[in-house]
Structures are given as C-alpha cells and as structure tokens.
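Listed below, chain by chain, are the residues.
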Amino acid sequence: MTELDRKDLLGLEGMSAEEIELFLDTTASFKEISERTVKKVPALRGKTIVNLFFEPSTRTRASFEIAAKRLGADTISISGEGSSLSKGESLVDTLNTLSAMRPDVIVMRHSASGAPQFLSRFLSTPIINAGDGQHEHPTQALLDAMTILEHRSSLEGLRAAIIGDIGHSRVARSNIHLLAKFGAELVLCGPATMLPRPLAELAPRISLTHSIEEAVSGADVIMMLRVQLERQNVLNFPKNEYFQFYGLRLEHLRLAHPDAIVMHPGPINRGREISSEVADFPRSVILNQVENGVTARMAVLERVCGQSS
Ligand code: ASP
C-alpha cells in the first residue's frame, strides 16, 4: 500500500483512482471496530482534532466526532455562530489562531465553495473538507462508494442514476468524480435548472436526461439528492410538482435492475424527492450510508493524521 501523497483531503477531483482506493481499503479494515462491544482503538491516541462547522450539520458533524473518538483522539467542536468570526475576525485569522494551538487535523465545513482549498495554502495543519458550498463533499462520496461496494463487487461498469438538484450539490459533484474515475456509467437527471452542463464533459460515460423513467431504467444504483431548500423559490418548483416529475416512487423501481439500491445523503425530504415507501424500502441503503460514514471518516482521519505524525 502506498502512502497518501498530500497533507489535506480537500476534494476528489484531483485525486487518482489509486489514491481513492487507499481510503477505501483502510475503510474496510475499520468497519469491524464499530461492530465491537467496546468500539475504541488507540490508533489516534494523543492526537487532537478540531471540528469547525460554519454550516448546519447533523450527520457529518456527529460522524466525524464519533469517528475521532473511536480512534482515541481528543476532539473539540466549534460552530460558526459561537466563533470569533461573529466578532469580525477573518476566516484566515480564525484558522491561524486554531492552528497555533497545534491540533493534528482541522475538519471544516463552510458555505463558500473553495474555502478549505484557500485556507490550506496558509496553514500547516492538515484540513479535511467536510463539505464546501456547492463544490465537494469528499467523505460523503467515499462512504457512498463503500456502501455500493457492499452490494456490488466493483464500481466499474455499474450504471448509477443521480437524480435531483445536481447543479447545486457537492455530494453529486464528489460522487461524479469518484464514480467516473472507477469506470461507472452515470446518468444525471433533473430539471434543466438543476442540471450541470460542464460536469457532463467530465467523462464519456456520463449522460443527461430530464426523464426519471429513463434515468432509472436498468440502474444498479439510484442516488437521490435533496433539493437545496434555500433555492426552492429561485427554482420556482412547488413541492408537489417537483415530486410528480422528479420524486422517486415505487413504480420507478420496477424499471431499475432487480437488485438496484436506493441511496440518499440525507437529510431526506419525504414526499419531495423520495416517497416514504421508497425511503423505507428494503433495498434503500440510506441508513447503511450513515453507518458507513463513521467508518469512512475513521479511515480518512487515520490516513490524514498518519501523514502528520
Ligand atoms: N448532507 C449533505 C450535504 O451536506 C446533503 C444535503 O444537505 O443535501 O451536502
């Protein structure tokens, strides 16, 4: 196994399939720890991890915190509202201040696309991107790949339909980068206002459609996305109308591969992008994604902290 050739984890776009595989391999070995009665190993004992969340988060924040604790690290969590930013300090000064306390990693979420990439140029402390604006959410794509690989032997050649607000979704962007690097066939589906043109040029095996029926036909993986709520008015899509055209319902699953899995990064909006029946369907792996999130983040923390030791 080769070592990670970078100090931060900022996004998947610039990473090779081999580098991504390093994380996925480590993930497999961490899964078992979360199944033990005592879910703790000393891999990161003596390390300090700062979770810095400038945007609301339930899953990602709890998941990083649990992952760090399972590896024996000391963690502190800071949210945007409680930080010195509200007293006028710049983001760079806030990060430099935290960095001066010598944490081993800063896990960061920010609403500005590119914020962690920008800050990583000034800081020696490694940064893990926990979601930046509409740009990337690398650990989400890693946990999604891990979840898919629990149901399929390989990502190569599988047909994945990504449906919904793709243009504004960092989850979609990181997943598209990852799945395209591993040779998956991607169908992106949504209304014109939510479909990203430039992403379609990423790989030859990406197609765009406005029809959910066409997208799910023969799909092995159906990945639904939340309509970014703050954009609902801009996109002018009443709830029922969006659900009628782009909501995943049981009837759609009949068009997919018989073993197709349904994914969603959460938080889910039942009756908007997904019906309750599908969300609770046996082949819905939404809660498996949450479970695997802890494991994937353990792998990421261990790999990134390992570089700084
Ligand atoms: N939880 C994911 C994110 O932070 C997906 C979403 O909120 O729509 O990007």
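Residues numbered from 1 in each chain as written. Predicted model: local features only at pLDDT ≥ 70, side-chain atom pairs only at ≥ 80, totals over all residues. Heavy atoms only, no water.

## Quick word on the overall build of the protein
Next, step 1: The helix and strand tally for the protein stands at twelve helices and nine strands.
Next, step 2: Its C-alpha atoms give the protein a radius of gyration of 19 Å, within 12% of the compact-globule value 19 Å for 309 residues.
Next, step 3: Considering only C-alpha atoms, the protein reaches an extent of 55 × 45 × 35 Å along its principal axes.
Next, step 4: Within the protein, the fraction of its 309 residues that count as buried is 57%.
Next, step 5: Considering only contacts in the protein between residues 6 or more positions apart, those separated by 24 or more positions represent 73%.
Next, step 6: When the accessible area of the protein is evaluated, it comes to approximately 13,200 Å², of which 50% is carbon and sulfur surface. (Helix = DSSP H or I, 4+ residues; strand = E, 2+ residues; numbered from the N terminus. Rg over C-alpha atoms; globule rule 2.2 N^0.38 Å. Buried < 20%, exposed > 50% of the residue type's maximum accessible area, 1.4 Å probe, protein only. Contact = heavy atoms within 4.5 Å. Areas by Shrake-Rupley, 256 points an atom, 1.4 Å probe, with all protein chains shown as cover.)

## Some points on the sheet that holds strand 3 (residues 105–110)
Next, step 1: Strand order in this open sheet of four strands is 2-1-3-4, and the pairing throughout is parallel. Looking at the sheet topology across the chains shown, the edges are occupied by strand 2 (74–79) and strand 4 (127–132). For this sheet, the mean angle separating the axes of adjacent strands, direction not counted, is 15 degrees.
Next, step 2: With five bridges joining them, strand 1 (residues 48–53) and strand 3 adopt parallel strand pairing. (Pairing = 2+ DSSP bridges. Axes fitted to C-alpha atoms, helices over the stretch in contact; angles between N-to-C directions.)

## Describing the pairing of strand 4
Next, step 1: Across the six residues of strand 4, six count as buried, placing the element largely inside the fold.
Next, step 2: Relative to strand 4, strand 3 runs parallel, the two sharing four bridges. Opposite Val107, over in strand 4, you have Ile128 as the bridge partner.

## Here we look at the site of the ligand
Next, step 1: The ligand sits among Arg109, His137, Arg170, Val171, Arg226, Gln228, Pro265, Gly266 and Pro267.
Next, step 2: Between the ligand and Arg109, the relevant distance is 3.1 Å, taken from an oxygen atom to a side-chain nitrogen or oxygen of the residue.
Next, step 3: The side chain of Arg170 places a nitrogen or oxygen atom 2.8 Å from an oxygen atom of the ligand.
Next, step 4: Starting from 260 Å² of accessible surface for the ligand in isolation, the protein chains cover 90%.
Next, step 5: Its residues assigned to classes, the shell around the ligand comprises three nonpolar, three polar and three charged. (Near = heavy atom within 4 Å. Polar contact = N/O pair within 3.5 Å; in protein donor to acceptor, adjacent residues only side chain to side chain. Nonpolar A, V, L, I, M, F, W, Y, C, P; charged D, E, K, R; others polar.)

## Observations concerning helix 1 (residues 17–31)
Next, step 1: Taking 1.5 Å per residue as the helical rise, helix 1 with its 15 residues ought to reach 21 Å, and the 21 Å between its terminal C-alpha atoms agrees with that figure.
Next, step 2: Of all the residues in helix 1, the buried ones are Ala17, Glu19, Ile20, Leu22, Phe23, Leu24, Thr26, Thr27, Phe30 and Lys31. (Expected span 1.5 Å × (residues − 1).)

## Remarks on the nonpolar core
Next, step 1: Core analysis: the largest hydrophobic core is formed by 55 residues, its most contacted members being Ile49, Val107, Ile162, Leu178 and Leu301.
Next, step 2: Of the residues forming this core, the biggest block, seven residues, is contributed by helix 12 (residues 286–308).
Next, step 3: In this view, Ile49 contacts Leu44, Ala68, Ala73, Asp74, Thr75, Ile76, Val105, Val107, Leu301 and Cys305; residues no more than four positions away in its chain are not counted.
Next, step 4: Listed in part, the 24 residues of the second largest apolar core include Ile163, Met224, Leu248 and Ile274. (Core = buried A, V, L, I, M, F, W, Y, C linked by side-chain atoms within 4.5 Å.)

## Remarks on the environment of Ser77
Next, step 1: If you trace the backbone, Ser77 turns up in strand 2.
Next, step 2: Residue classification places Ser77 among the partly exposed residues on the basis of a relative accessible area of 30%.
Next, step 3: Each C-alpha atom, one on Ser77 and one on Glu65, is 8.1 Å from the other, the two residues being twelve residues apart in sequence.
Next, step 4: Once residues lying within four places of it in the same chain are set aside, the contact partners of Ser77 are Asn51, Arg61 and Glu65.

Such coordinate-based values are descriptive only and should not be taken to indicate function.
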